[in-house]
Amino acid sequence: MLFDAACRLFEEGAGKECRLAAEQGEFPEALWVKLADAGFLHPSVPEELGGVGGDALDEFAILRAAGRHAVPGPLADTMLAGWLAAACGVKVPEGPLAVAPVNFTDRLRLHKAAGNYKLEGEARRVAWASAAREVLLVAETGDGGSALVRLEPGGIRRAREANMAGEPRETLAFRNFSLGASLVTKVEVADLRERLLQRGAAMRAALMAGALEGVLARAVTYAGERVQFGRAIGKFQAVQQELAKLAGQTAAALTAAEGAYGAISRGGDSLAAIAVAKARVGEAAGIGAAIGHQVHGAMGFTHEHDLHFLTRRLWSWRDEFGNEARWQIVLGRAAARAGGEGLWPMVSAI
Amino acid sequence: MYQGLNFEAVSLPPGAEAFRAEVKSFIHEHLAGMKPVARADSWNGFSAEFSRKLGARGWIGMTWPKKYGGAERSALERYVLLEELLAAGAPVGAHWIADRQSGPLLLRFGTEAQRAEFLPRIARGELYMCIGMSEPDSGSDLAAVRTRAVRSNEGWRVNGRKLWTSYAHRCHGMILFCRTGAKEEDRHGGMSQFLVDLDWPGITIRPILNIAGEHHFNEIIFEDVLVPFDRLVGQEGQGWAQVMNELAFERSGPERFLSAFALFQELVRALGPEPGERAEAAIGRLVAHLATLRRMSISVAGQLQAGRTPDVEAALVKDLGTGFEQELPEVARLLLESEPFAGSADGFAAALAQTMYYAPSFTLRGGTREILRGIIARGLGLR
Ligand SMILES: Cc1cc2nc3c(=O)[nH]c(=O)nc-3n(C[C@H](O)[C@H](O)[C@H](O)COP(=O)(O)OP(=O)(O)OC[C@H]3O[C@@H](n4cnc5c(N)ncnc54)[C@H](O)[C@@H]3O)c2cc1C
């Protein structure tokens, strides 16, 4: 199974040193070579566009494993860029990639100007932009279409930030930014930006579901090892009940995230299934991280212990590509429009 | 990774949507105009008339062999039927237990004669069954039951008390769980199950009103009740194992997250098509939970169909599902200013009250939340 193979690779290739170094700004080169060799970067992109030609569910398996092992580096982001390129019929560029915009408020606009193009706007919190060989941007063209713009990060004005897990997040600013026509691919899709955000949300849901699995595994192991009052704390019913709750949240998260990828894999409209996943998994992330820490006591609150690699990612990822409220509103609006009679048909069609 | 976390994706079989349409039109034909407060009764609603109509369609015991009155349909088709009935608030309480639990128990452990006698009547929607497990001193601790059957020349003599028996006053039979062995045996040994007719001499059924003032459950007293030998279900002394087998079926169905659906529907209806972002986020959250629970429950149905016993998964679905059902009225009441009143002409206020009355029972009946979490913890290897 792909998930197991990915877990094995990550266990060997993405250890603690690698994660810590990545947080200090060092790109995980050795790991990256392994990921690329294993075909993990673009699992569901067609072969003729530079991918492996697999199913969207392969993407789910790899991201779930990556979340579970808190894999450092722009794996999901490169995958998302690959999806975007393929969606525009463009061959996927080599190497680590970044995408923008990655949130619902940022928009980039592209105008024609004397044979060339001008790009305007700001994209905030773009993942791993400086480390990317190329940044793939979606811009609106004003004529109801969209454009894919490919830039090298060096020429872009960047302001460096990070998320709570120390993963680089950068603001890219474009003021009267000139670019040649060779960097632009126009597409007839008006909602390309929305579809990018949806796919990004599905990816974060898959990562979070995996991270929750990781938290559960660690918490159960720790509860079996840590002894207080003469027995393993996992023998106390209060601790067992919390771990059972964590198992429930984890199972719900895995089910919801896999459901999103099932819908993507079947084709057709996957918006509702993705919204369910990001909203439900995001909620589970908060509850799960809290239980994971409670069970680990003070030890889990130390930088020394590994738990934070997972929990800091959970706290970050749930707010990326739209938080729970954002996606709940998408679902709630559809439910309200469906009305009392239409509610069940809507839910049972997701 | 752990026992109990397998929720592999299961898709409904081809033809499921055509069957769904058939069920919907049946519901439309027979239940149009049902009041929200009645729909909020969900699987507590009791209508022999409706059960017989379902039976006539072949929709009770629909997975059972044809020779016992079944329709040999798949568990996943049955799943579609159940969720459509529950979402419509159909009054399925009369046959619910017989269809879900007693029938499958007889199929698995009953004698040929028992199957031939009882299953066709259950499938026609004519024979209703209740569950005789709980007792005054035996709730979560089912192994503490005291009701005892003693072998005599004519048959088994039963003495004891059963408590909280839902609809005993309207059912024909009970699957009685009681002690047949000596006390000294191991806690789970010496238990057996019997199929008891509730009109036999020596059985007294007393109503117990619930917090809504409704007569739903009962106390049942057994005084020297003679149970013929041929009413032992399965093997003497194997009652515990048999009951544990029932529970995966009891716990994972869509009734564990759709009990409060009528309220959700009334909420959405009352909020209208443009309720504003705060309400949209709140109902969208409920949709996300519901859609996820549904996937999990379908996965368990698929595993049961494949002959597995996903009992930890079932406990997990029930724990999450009943938590969701209980939360629903708490969310709903803050979105619409309205005072809950079961007698209200306003559908929302009535459904809100009815759901709130029953909400505490969601995490008690069929295994309390704490007991379920204990089962999950065992699946995690902690116990
Ligand atoms: C509406 C309704 C319908 C019912 N219908 C039926 C029926 O038809 N047939 C039937 O046989 N029974 C029926 N029951 C009974 C139901 O199965 C019991 O209520 C249930 O098993 C719990 O038992 P109890 O009520 O005695 O609570 P108790 O077991 O006394 O539990 C009380 C509290 O203590 C907790 N607790 C108990 N033991 C432990 C433990 N070891 N660890 C942690 N916490 C613990 C429980 O979780 C609960 O919170 C029904 C109950 C209700 C509410």
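Residues numbered from 1 in each chain as written. Chains lettered and ligands numbered in written order. Predicted model: local features only at pLDDT ≥ 70, side-chain atom pairs only at ≥ 80, totals over all residues. Heavy atoms only, no water.

A. Spatial organisation of the site of the ligand. Residue and element names in this part refer to chain B. Neighbouring the ligand are 15 residues; Ile131, Ser134, Ser140, Thr368 and Glu370 lie closest to it. Here Trp164 contributes a backbone N or O atom positioned 2.9 Å from a nitrogen atom of the ligand. Contact with the protein chains removes 66% of the 970 Å² of surface that the ligand exposes when unbound. Among the elements that make up the shell around the ligand, the one with the highest residue count is strand β3 (residues 156-166) (3 residues). (Near = heavy atom within 4 Å. Polar contact = N/O pair within 3.5 Å; in protein donor to acceptor, adjacent residues only side chain to side chain. Areas by Shrake-Rupley, 256 points an atom, 1.4 Å probe, with all protein chains shown as cover. Helix = DSSP H or I, 4+ residues; strand = E, 2+ residues; numbered from the N terminus.)

B. Highlighting the packing of aromatic side chains. Under the counting rule described, the total for this entry stands at 18 aromatic pairs over all chains. Between Phe104 of chain A and Trp327 of chain A, the ring centres sit 5.4 Å apart and the planes meet at 75 degrees, which makes this aromatic pair edge-to-face. You can see Phe104 of chain A sitting in the loop between β1 (97-100) and β2 (108-113) and its partner Trp327 of chain A sitting in helix α10 (residues 324-348), a full 223 residues away along the chain. Relative to Trp59 of chain B, the ring of Phe26 of chain B has its centre 5.1 Å away and its plane inclined at 70 degrees; by these criteria the two rings are edge-to-face. Taken together, the residues span a long stretch of sequence, with Phe26 of chain B in helix α1 (residues 16-31) and Trp59 of chain B in the loop between α3 (48-56) and α4 (75-87) at a distance of 33 residues. Overall, the relative accessible area of 3% leaves Phe26 of chain B in the buried class. Ring pairs connect the aromatic residues Phe19, Phe26, Phe50 and Trp59 of chain B, which therefore count as one cluster. The ring of Phe309 of chain A is capped by Arg19 of chain A, whose NZ or CZ atom sits 4.9 Å from the centre of that ring. A cation sits over an aromatic face here: Arg73 of chain B above Phe19 of chain B, 4.6 Å from the ring centre. (Phe/Tyr/Trp six-rings, centres within 6.5 Å; stacked < 30°, edge-to-face > 60°. Buried < 20%, exposed > 50% of the residue type's maximum accessible area, 1.4 Å probe, protein only. Lys NZ or Arg CZ within 6 Å of the ring centre and 35° of its normal.)

C. The arrangement of α3 of chain B in detail. All names here are of chain B. Among the residues making up α3, those that are buried are Phe50, Ser51, Leu54 and Gly55. Across the axial projection of α3, the buried residues extend over an arc of 140 degrees, all falling on one side. Exposed residues on α3 whose side chains face more than 90 degrees from its buried face are Glu49 and Ala56. Structurally, α3 contributes buried residues whose contacts are with α1, α4, α5 (93-109) and α6 (112-123). A positive phi of about 85 degrees marks Gly58, the residue just after α3. (Arc of directions from axis to C-beta. Contact = heavy atoms within 4.5 Å.)

D. How the structure looks around the pairing of β1 of chain A. All names here are of chain A. In β1, alternate side chains face the same way, and those of Leu97 and Val99 on one face and Ala98 and Ala100 on the other are all buried. Across 4 bridges, β1 lies against strand β4 (residues 134-140) in parallel orientation. Among the inter-strand pairings, Val99 is bridged to a residue of β4, identified as Leu136. (Pairing = 2+ DSSP bridges.)

E. Quick peek at the interface of chain A and chain B. Opposite the 46 residues of chain A that make contact, chain B presents 44 residues. When chain A packs against chain B, close to 4,000 Å² is buried across both sides, 66% of that on carbon and sulfur atoms. When residues of chain A are sorted by the area they lose upon contact with chain B, Gln241, Thr255 and Trp344 of chain A head the list and together hold 17% of the total. Note that Arg269 of chain B is salt-bridged to Glu341 of chain A, the shortest N-O span being 3.3 Å. In this assembly, chain A and chain B are joined by 9 residue pairs in polar contact (both at pLDDT 80 or more). Elements with a minimum of two residues in the side of chain A that touches chain B: α6 (192-225), α7 (237-266), α8 (271-296) and α10 of chain A. Here the side of chain A that touches chain B takes 18 residues from α10 of chain A, the largest share from any one element. A class-by-class count of the residues in the side of chain A that touches chain B yields 24 nonpolar, 12 polar and 10 charged. (Buried area = accessible area lost by both parts, 1.4 Å probe. Salt bridge = Lys/Arg side-chain N within 4 Å of Asp/Glu carboxyl O. Nonpolar A, V, L, I, M, F, W, Y, C, P; charged D, E, K, R; others polar.)

F. Main features of α6 of chain A. Spanning 34 residues, α6 of chain A covers 50 Å between terminal C-alpha atoms, matching the ideal 50 Å at 1.5 Å per step. Across the 34 residues that make up α6 of chain A, a large majority, 28, are buried. (Expected span 1.5 Å × (residues − 1).)

G. How the structure looks around the domain arrangement of chain A. Residue and element names in this part refer to chain A. Under the domain assignment, chain A is made up of domain 1 (2-187) and domain 2 (192-349). Each of domain 1 and domain 2 has a C-alpha centre, and these two points are 23 Å apart. Overall, the association of domain 1 and domain 2 removes approximately 3,800 Å² of surface from exposure, summing both partners, and the carbon and sulfur fraction of that is 63%. Considering only the surface of domain 1 that becomes buried against domain 2, Phe60, Trp83 and Phe104 emerge as the three largest contributors, covering 19% of it. Put simply, domain 1 and domain 2 have 8 salt bridges between them. In this structure, the salt-bridge partner of Arg64 is Glu213, at a minimum N-O distance of 2.7 Å. Here domain 1 is connected to domain 2 by 17 residue pairs in polar contact (both at pLDDT 80 or more). Contributions of two or more residues to the side of domain 1 that touches domain 2 are made by α2 (16-23), α4 (56-68), α5 (75-87), β1 and β4. (Domains from an automatic or database assignment.)

H. Summary view of unusual backbone geometry. Omega for the bond connecting Ala100 of chain A with Pro101 of chain A falls within 30 degrees of zero, at -5 degrees, which places this linkage in the cis form. Its place among the elements puts Pro101 of chain A in the loop between β1 and β2. Positive phi outside glycine occurs at Trp128 of chain A, with the angle close to 55 degrees. Among the secondary structure elements, Trp128 of chain A is positioned in the loop between β3 (116-127) and β4. Among the residues examined, Trp128 of chain A registers a relative accessible area of 4% and is labelled buried. Positive phi is not limited to glycine here, since Tyr167 of chain B has a value of about 55 degrees. By the secondary structure assignment, Tyr167 of chain B is in the loop between β3 and β4 (173-179). Relative accessible area serves as the criterion here: at 12%, Tyr167 of chain B is assigned to the buried category.

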